[in-house]
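# A structural walkthrough
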Amino acid sequence: MKMFRMNASFLLLSSLISATYAIDVIMNDMVEWVLSEGGTFNDKLEIRKFDPTDPNSYLGVFAKEDIGAQESLMRIPKSCYIEIFDEEKGYNGNSEDKEGESDFHYHQNICTLGQKLMEEMKFGDKSKFAPYVAYLKTQNPGQLPVNWSEPGKNLLRKAFRPGRSEPGKKIASKSVQPGSDVVDWIDRYYMKDISETSCINDDPFEIHMIEMTIQRCFDTALIPIWDMVNHDNGRINTENSSMYDKDGLKVRSSRPIKSGEEIFATYDKCVDCEDISDEEGTPEILRDFGFVESYPHRWIFEDTNELDADIWFEIKQDDKNETSVEWWFDEATGAHEVPNLKELLFLSKELNRVTEVGKALNMTDAAYTGDMPMREWYMISQYQKAAEQA
């Protein structure tokens, strides 16, 4: 029995070392490819797992040495992008055009970029983007709620606020339930015979490619290495140029960065997304990227029959772990828009709803039954806690 345990431990260690080595090779190949295309990658950086001893730990970009403020971190040439700049609808890099971009054009662009990604993934090591494709092939389906297990999606629907979709609306034979804009958007916008912008069949590979396109794209391009810089609006330490710039995307440090510190960007206050933070917050980060963000948490309650205007606020946390609320700042009046009595009553009602949902869901480790992957359970639990706090 003791010998068996030793052998099992050795096999587990060997498997971990092998998997880590494989990822390291893929990362090194991708960096070398970017450099061969005329790009740069600061020698003080490394791409690795947050916890190298944990095979389930996430990948990120980290500082190996201290980095000064305004130091160049990377430059990714346009030749390394998987992009559709010549085909995209409604936007050509001009901010005035972007303002008029419709949802229809947005979904068209996702379809077109998703189709291009499918082609490159099928080409594999014969793709002109082969080192990047090799990395993308390591990404498993189910990272976004839209591609979770059915028990996971059903549970998340219950956690989301009713009214985030049209109750009772039909998508083919499916009834759209509250929260379905978070878990059913592939059916609604991209599945053939359902939407005007439809482009995929009910095929696991095609669904995964659209899922990956949403999760990793920057408007109309997939950009290697830059898409491995993680999001944290409370710890942003980078600033970047537009991806449409002639020389490609340039990234530099926005402040001094200590050795061992992770490199962070923002997914919703970005240069090319024209700062969508006035429209999207913590629920949309979960929808589009598959995680519940760290503080600050942003919440937007859209104008409905119960409200006269949108309610926008952020929950922030300081170095002492104390939280505070910051309401929408109106530049025209120079003041924060504090809720009126009607809006406070709405928020109170929503808090009661969220609290009751939390009790009903019983999102504790002890209540986990194994009917969905543990990661899905954990993310729903994290979202529920964030919603209750808001």
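Keep in mind that this is a model prediction, so the values were computed, not measured.

### Comments concerning the pattern of salt bridges
- With the rule as written, the count across this model stands at 17 salt bridges.
- Between Glu-280 and Arg-287 there is a salt bridge, and its shortest N-O distance comes to 3.4 Å.
- Classification of Glu-280 as partly exposed rests on a relative accessible area of 21%.
- Overall, Arg-287 belongs to the buried group, its relative accessible area being 16%.
- A cluster of three or more residues bridged by salt bridges with shared partners is formed by Asp-268, Arg-298, Glu-314, Lys-316 and Glu-326.

### Examining the sheet that holds strand β8 (residues 217-218)
- Reading across the sheet, the three strands line up as β5-β9-β8 and stay open at both edges, with antiparallel pairing between neighbours. A strand with exactly one partner marks an edge of an open sheet, and here the two such strands are β5 (82-83) and β8.
- Pairing analysis gives two bridges linking β8 to strand β9 (residues 221-222), with the strands arranged antiparallel. Paired with Phe-218 across the bridge in β9 is Ala-221.

### Here we look at the sheet that holds strand β16 (residues 323-327)
- Taken in spatial order, the three strands line up as β14-β15-β16 in an open sheet, and their pairing is antiparallel. Both outer strands of the open sheet, β14 (297-301) and β16, are each paired with one neighbouring strand and no more. For this sheet, the mean inter-axis angle between neighbouring strands, taken without regard to orientation, is 20°.
- The sheet strands contacting helix α11 (residues 374-389) are β14, β15 (311-317) and β16, and the helix crosses β14 at an angle near 70°.

Rules used throughout
- Residues numbered from 1 in each chain as written.
- Predicted model: local features only at pLDDT ≥ 70, side-chain atom pairs only at ≥ 80, totals over all residues.
- Heavy atoms only, no water.
- Salt bridge = Lys/Arg side-chain N within 4 Å of Asp/Glu carboxyl O.
- Buried < 20%, exposed > 50% of the residue type's maximum accessible area, 1.4 Å probe, protein only.
- Pairing = 2+ DSSP bridges.
- Helix = DSSP H or I, 4+ residues; strand = E, 2+ residues; numbered from the N terminus.
- Axes fitted to C-alpha atoms, helices over the stretch in contact; angles between N-to-C directions.
- Contact = heavy atoms within 4.5 Å.

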